[in-house]
Amino acid sequence: MKITLPDNSFRDLPDGSSGYDLAKDIGPGLAKSAVAITVNGVQKDLHDKIEGDASVSIITIDSDDGLNIMRHTLTAQVLARAIKNLYPKSQLAIGPIIEDGFYYDVETDKTISIDDLQKIEDEMKNIVKTNSSITKKLVSKSDALKVFKSLKEPYKEEIISESDQKDDFQLYYQDKEEFVDLCRGPHLPNLSFIGSFKLTKVSGAYWKGDSKNTMLTRIYGTAWKNDKDLEKYLNTIEEAVKRDHRKLGKEMDLFHFQDEAPGMVFWHPYGWNIYKTLQSFIRTKLDKNDYLEINTPQVVDRKLWEASGHWDKYRENMFITEIDEEHANEKRVNALKPMNCPCHVQVYNQGITSYKDLPIRYAEFGSCHRYEASGTMHGLMRVRGFTQDDGHIFCMPEQIESETASFISLLSEIYSDLGFEKFNIKLSTRPEVRIGSDEVWDKAESALENAIKKLDLPYKIDEGDGAFYGPKLDFVLTDAIGREWQCGTFQADFNLPDRLDAEYIGEDGNKHHPVMIHRAILGSFERFIGILIENYSGKLPFWLAPQQVVIASIVSEVNDYALKIQTLLKEKGIRTEVDLRNEKISYKVREHSSRKVPIIMAIGKNEKANETVSIRRIGSKDTEVIDLDKALKLIEKENSSISQ
RNA sequence: GCUCAUAUAGCUCAGCGGUAGAGCACUUGCUUGGUAAGUAAGAGGUCACCGGUUCAAGUCCGGUUAUGAGCUCCA
């Protein structure tokens, strides 16, 4: 038979040859490092027979595919077997690979906690040491069911019986059939290819990802080619932990949380400085882009939420207020607003709008509350009380495209100013359950898509992921360590204006419903500040830093000069503090450095005598002595580097 | 909401049945020192909350609340 290799060369092999035969035919080195093959684009086991003419590539252990096959074998064969050895009554569910590693879901009679991982890892190492070969048997559906019934593996039985596949269920055996698992494969030919690995965490996970199902124990691990790669991975994890905004928030005295208000931020003066600066930055941008800032009530009667449809759909997640009846004239049920859009429609509805007035762009720093499930809260990233940089654009359908374009240009300007040069766009199209005619959807989807295309921006389409009321664009930015955060959103809505009777008088003299576009750039201030802290490891750019300059005196006789500089800087709007404590300069430098103050000015006798300052910047050990006048100008210029 | 874990001084943590500990921070004294921790002393805790076991409970058991890692969810 004729085998085509990836470089388009051919090789003739006897019928019935396996991948391994092919690798051997090409060279002994390749045969040694081969772990699987790809036949006509489908991954197969190394010892599978190649059926007739085909294009085949050999997967070696050094390739990315090889690494993932190794991770797969490690979880499905080694971890699963270790669990069965240590917890014979446990039942195996599934064990897939994930980014950087793998997990296995099991049901156990005894709970497995983080302290048990070492024991399991040791058992895995014992199994790997056997270098066992892995062999495969193809069996019929009924035989496969029999095997796992006798092994008391109900989850495997369920997988088999729910499968559309009729035959050829793959059973992988280790050793002398001492361990068997159902798997789509492929697997390593034997365990000698297993590299370096570590079990990392244990948690719960629902069977088939459905919260109605049993909670299984999920054991996570990471695996790499060698110790060096494993070390590298563990180091990057450590790096991410170091920039955790919850830890930095404490160290930099930015905010705190406490039991009495779970998921609500107590902003401290320094944290609030960041918030205020970010807000005024956004406000200036919105003003320049013809948004009209408004402010709407936080507590609103349920009637409005019923009209908007939120009461039906999201009541469980709303904070409902109860009025003490004695003091209330009538019993009313109110809700803290979970979003601003219904209120914005109320503002729009005051008076009569002409088509000539459109588009109308309302913006609000809208304080919202949502009762998030207790387990979902996470520092500033997921909270119950938050503020959106929200906005709603009321326009005619034919204005969607130009609104999309101007929104994206504003968004990319803001992201870039905040230090995020890279973001991805996701276009989500009509879902199965939706309102509005296909004709309107066609128009809306193509308006969004055309706008991105005209701006020549790359985007990805997420079929069927749109909201029930219209298509949307999501904007995902990438941070300094490559993590992605979905922040901006732009959603066309054909539903709410209708429900809440928003209208305009068209050119034809008749009433029409405008399209309402929900849009946000940061998403929520709380979360975005969390992202900023992690992106910069707390070392925020000068203009955003909570304390911008600390003037530290070296000897007390220069305190008056330090205070004078502080006054001059404050006049220029620089957030400046003095440190006149009776401490050594190195002590002061250490403290303010660990608080990530961008500029520390050390002031001693020389500086006072010469009207100079010594500047030390965060992240650098160098100091620079310059004239006070020059320093003031420099700092003022640096502070206004972002067009506010 | 679910699973598992955690909750001790302002912070980071040790103690795991028998009189509450350390480092840093804080206060006071000495020290005025040139770029990441001067020095000595002092003060500081109903060991998250409620209940149980025990002669005796931060310590063991149950519940509640919060937090963490995931899962589910995110208008």
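Residues numbered from 1 in each chain as written. Chains lettered and ligands numbered in written order. Predicted model: local features only at pLDDT ≥ 70, side-chain atom pairs only at ≥ 80, totals over all residues. Heavy atoms only, no water.

## Section: helix H20 (residues 628–639)
Here is step 1: The end-to-end C-alpha separation of H20 is 16 Å, in line with the 16 Å expected for 12 residues at 1.5 Å each.
Here is step 2: Three or more residues of H20 are buried, namely Leu 628, Ala 631, Leu 632, Ile 635 and Asn 639. Seen end-on, H20 carries its buried residues on one side only, within an arc spanning 100 degrees. Facing away from the buried side of H20, by more than 90 degrees, are the exposed residues Asp 629, Lys 630, Lys 633 and Lys 637.
Here is step 3: The inward-facing, buried residues of H20 abut strand S29 (549–553), helix H17 (559–571), strand S31 (599–603), strand S32 (612–617) and strand S33 (623–627). (Helix = DSSP H or I, 4+ residues; strand = E, 2+ residues; numbered from the N terminus. Expected span 1.5 Å × (residues − 1). Buried < 20%, exposed > 50% of the residue type's maximum accessible area, 1.4 Å probe, protein only. Arc of directions from axis to C-beta. Contact = heavy atoms within 4.5 Å.)

## A few points about the protein's contact with RNA strand B
Here is step 1: Neighbouring RNA strand B are 54 residues, the closest being Tyr 206, Ser 374, Ile 554, Asn 582 and Ser 614.
Here is step 2: If you look at RNA strand B and keep only atoms within 4 Å of the protein, 49% of those are sugar or phosphate atoms.
Here is step 3: Contact distances for RNA strand B include 3.2 Å between a base nitrogen and a backbone N or O atom of Gly 375.
Here is step 4: Of all the secondary-structure elements, those providing two or more residues to the surface near RNA strand B are strand S12 (196–206), strand S13 (215–224), helix H8 (245–251), helix H11 (310–314), helix H18 (585–594), helix H19 (605–610) and S32.
Here is step 5: The leading source of residues in the surface near RNA strand B is H18, at 6 residues.
Here is step 6: Split by residue class, the surface near RNA strand B holds 17 nonpolar, 23 polar and 14 charged. (Near = heavy atom within 4 Å. Polar contact = N/O pair within 3.5 Å; in protein donor to acceptor, adjacent residues only side chain to side chain. Nonpolar A, V, L, I, M, F, W, Y, C, P; charged D, E, K, R; others polar.)

## Notes on the nonpolar core
Here is step 1: Grouped together as the largest cluster of nonpolar side chains are 61 residues, with contacts concentrated most on Leu 278, Tyr 415, Leu 418, Leu 473, Phe 475, Leu 477 and Phe 528.
Here is step 2: Non-local contacts of Leu 477, meaning those with residues more than four positions away in its chain, are made with Tyr 415, Phe 420, Lys 422, Phe 423, Arg 483, Glu 484, Trp 485, Cys 487, Phe 528 and Ile 531.
Here is step 3: Among the nonpolar cores identified, the runner-up in size contains 40 residues, and Ala 80, Val 106, Met 124 and Tyr 172 belong to it. (Core = buried A, V, L, I, M, F, W, Y, C linked by side-chain atoms within 4.5 Å.)

## Quick notes on the sheet that holds S29
Here is step 1: Strand order in the open sheet made by the 5 strands is S30-S29-S31-S32-S33, with mixed pairing throughout. Strands at the two margins of the open sheet, each flanked by one partner only, are strand S30 (576–579) and S33. Neighbour-to-neighbour, the strand axes of the sheet open up by a mean angle of 25 degrees, direction not taken into account.
Here is step 2: As judged from the 5 bridges shared by S29 and S31, these two strands associate in the parallel manner. By the bridge assignment for S31, Val 550 is matched with Ile 600.
Here is step 3: With respect to the sheet, H17 is in contact with S29, S30, S31 and S32, its orientation differing from that of S30 by roughly 170 degrees.
Here is step 4: Along the sheet face, H20 touches S29, S31, S32 and S33 and points at about 110 degrees away from the line of S33. (Pairing = 2+ DSSP bridges. Axes fitted to C-alpha atoms, helices over the stretch in contact; angles between N-to-C directions.)

## Notes on the domain arrangement of chain A
Here is step 1: Along its sequence, chain A is organised into domain 1 (2–60), domain 2 (65–241), domain 3 (269–298 + 337–535) and domain 4 (547–639).
Here is step 2: One C-alpha centre belongs to domain 3, the other to domain 4; they are set 42 Å apart. (Domains from an automatic or database assignment.)

## Some thoughts on the packing of helix H9 (residues 269–288) against helix H13 (residues 400–417)
How two helices pack is summed up by the angle between their axes together with the distance between the axes.
Here is step 1: The interhelical angle for the contact between H9 and H13, taken along N-to-C directions, is 155 degrees, at an axis separation of 11 Å. When the interaxial angle is binned, H9 and H13 end up roughly antiparallel. You can see that H9 and H13 cross each other, and the crossing is right-handed. Residues Phe 281, Ile 282, Lys 285 and Leu 286 of H9 lie in contact with H13, whose contacting residues are Leu 410, Glu 413, Ile 414 and Asp 417.
Here is step 2: Split into classes, the residues belonging to the contact of H9 with H13 amount to 5 nonpolar, no polar and 3 charged. (Parallel < 35°, antiparallel > 145°, perpendicular 65-115°, else oblique. Left-handed = near helix turned anticlockwise from the far one by under 90°.)

## Thoughts on the sheet that holds strand S17 (residues 299–301)
Strands belonging to one sheet form pairs held by backbone hydrogen bonds; the direction of such a pair is parallel or antiparallel.
Here is step 1: With antiparallel pairing, the 3 strands of this open sheet are ordered in space as S17-S19-S18. Every interior strand has two partners, whereas the edge strands, S17 and strand S18 (320–321), have only one.
Here is step 2: Examined bridge by bridge, S18 and strand S19 (residues 334–336) share 2 bridges and lie antiparallel to one another. In the sheet register, Ile 320 faces S19, and the bridge partner there is Ala 335.

## Here we look at H13
Here is step 1: End to end, H13 covers 26 Å across 18 residues, agreeing with the expected 26 Å (1.5 Å per residue, within 8%).
Here is step 2: Those residues of H13 that sit buried are Ile 400, Glu 403, Thr 404, Phe 407, Ile 408, Leu 410, Leu 411, Ile 414, Tyr 415 and Asp 417.
Here is step 3: Directly beyond the C-terminal end of H13, a positive phi value near 100 degrees is found at Gly 419.

## Looking at the pairing of strand S28 (residues 515–524)
For a regular strand, side chains alternate in direction, first toward one face of the sheet and then toward the other.
Here is step 1: In terms of burial, S28 is largely enclosed, as 10 of its 10 residues are buried.
Here is step 2: Pairing geometry for strand S21 (residues 385–395) and S28, over 7 bridges, is antiparallel. Considered in S28, the bridge of Asp 390 is made with Ala 520.
Here is step 3: Taken together, the 5 bridges between strand S25 (residues 484–493) and S28 define a ladder with antiparallel strand orientation. Note on S28: the bridge partner recorded for Asp 493 is Met 516.

## A short note on the pairing of S25
Here is step 1: Most of S25 is tucked away, with 8 of its 10 residues classed as buried.
Here is step 2: Counted between consecutive antiparallel strands, the loop separating strand S24 (residues 472–478) from S25 contains 5 residues, among which Gly 482 sits at a positive phi close to 85 degrees.

## Details of the pattern of salt bridges
Here is step 1: Under the counting rule described, the total for this entry stands at 41 salt bridges.
Here is step 2: The residue Glu 121 makes a salt bridge to Lys 125 at a minimum N-O spacing of 3.3 Å. Here the residue Glu 121 and the residue Lys 125 both occupy positions in helix H4 (residues 117–129), the gap between them amounting to 4 residues, near one helical turn.
Here is step 3: For Glu 121, a relative accessible area of 5% gives the class buried.
Here is step 4: For Lys 125, a relative accessible area of 37% gives the class partly exposed.
Here is step 5: Between Glu 534 and Arg 483 there is a salt bridge; the shortest N-O distance is 3.0 Å. Of the two residues, Glu 534 sits in helix H16 (residues 525–535) while Arg 483 sits in the loop between S24 and S25, which places them 51 residues apart along the sequence.
Here is step 6: Arg 483 sits in the partly exposed class, given a relative accessible area of 24%. (Salt bridge = Lys/Arg side-chain N within 4 Å of Asp/Glu carboxyl O.)

## Brief notes about the environment of Trp 485
Here is step 1: Mapped onto the elements of the fold, Trp 485 is located in strand S25.
Here is step 2: Residues Trp 485 and Lys 146, spaced 339 residues apart in sequence, show a C-alpha to C-alpha distance of 46 Å.
Here is step 3: Look past the residues within four positions of Trp 485 in its chain and what remains in contact with it is Met 381, Phe 475, Val 476, Leu 477, Asp 479, Arg 527, Ile 531 and Glu 534.
Here is step 4: Only 3.1 Å separates the side chain of Trp 485 from the side chain of Asp 479, close enough to count as a polar contact.

## A word on the packing of aromatic side chains
Here is step 1: For the coordinates displayed, the defined rule picks out 21 aromatic pairs.
Here is step 2: Seen in terms of ring centroids, Trp 224 and Tyr 233 are 5.3 Å apart; in terms of plane orientation they differ by 35 degrees. Their pairing is tilted.
Here is step 3: Note on Tyr 362 and Phe 394: the rings are 6.0 Å apart at their centroids and 75 degrees apart in plane angle, and the pair reads as edge-to-face. Taken as a pair, Tyr 362 in strand S20 (residues 360–369) and Phe 394 in strand S21 lie far apart in primary sequence, 32 residues in all.
Here is step 4: For Tyr 362, a relative accessible area of 10% corresponds to the buried category.
Here is step 5: Here the guanidinium or amino end of Lys 2 rests over the ring plane of Phe 10, the centre of that ring lying 4.5 Å away.
Here is step 6: The aromatic ring of Tyr 173 is capped on one face by Lys 137, whose charged end is 4.7 Å from the ring centroid. (Phe/Tyr/Trp six-rings, centres within 6.5 Å; stacked < 30°, edge-to-face > 60°. Lys NZ or Arg CZ within 6 Å of the ring centre and 35° of its normal.)

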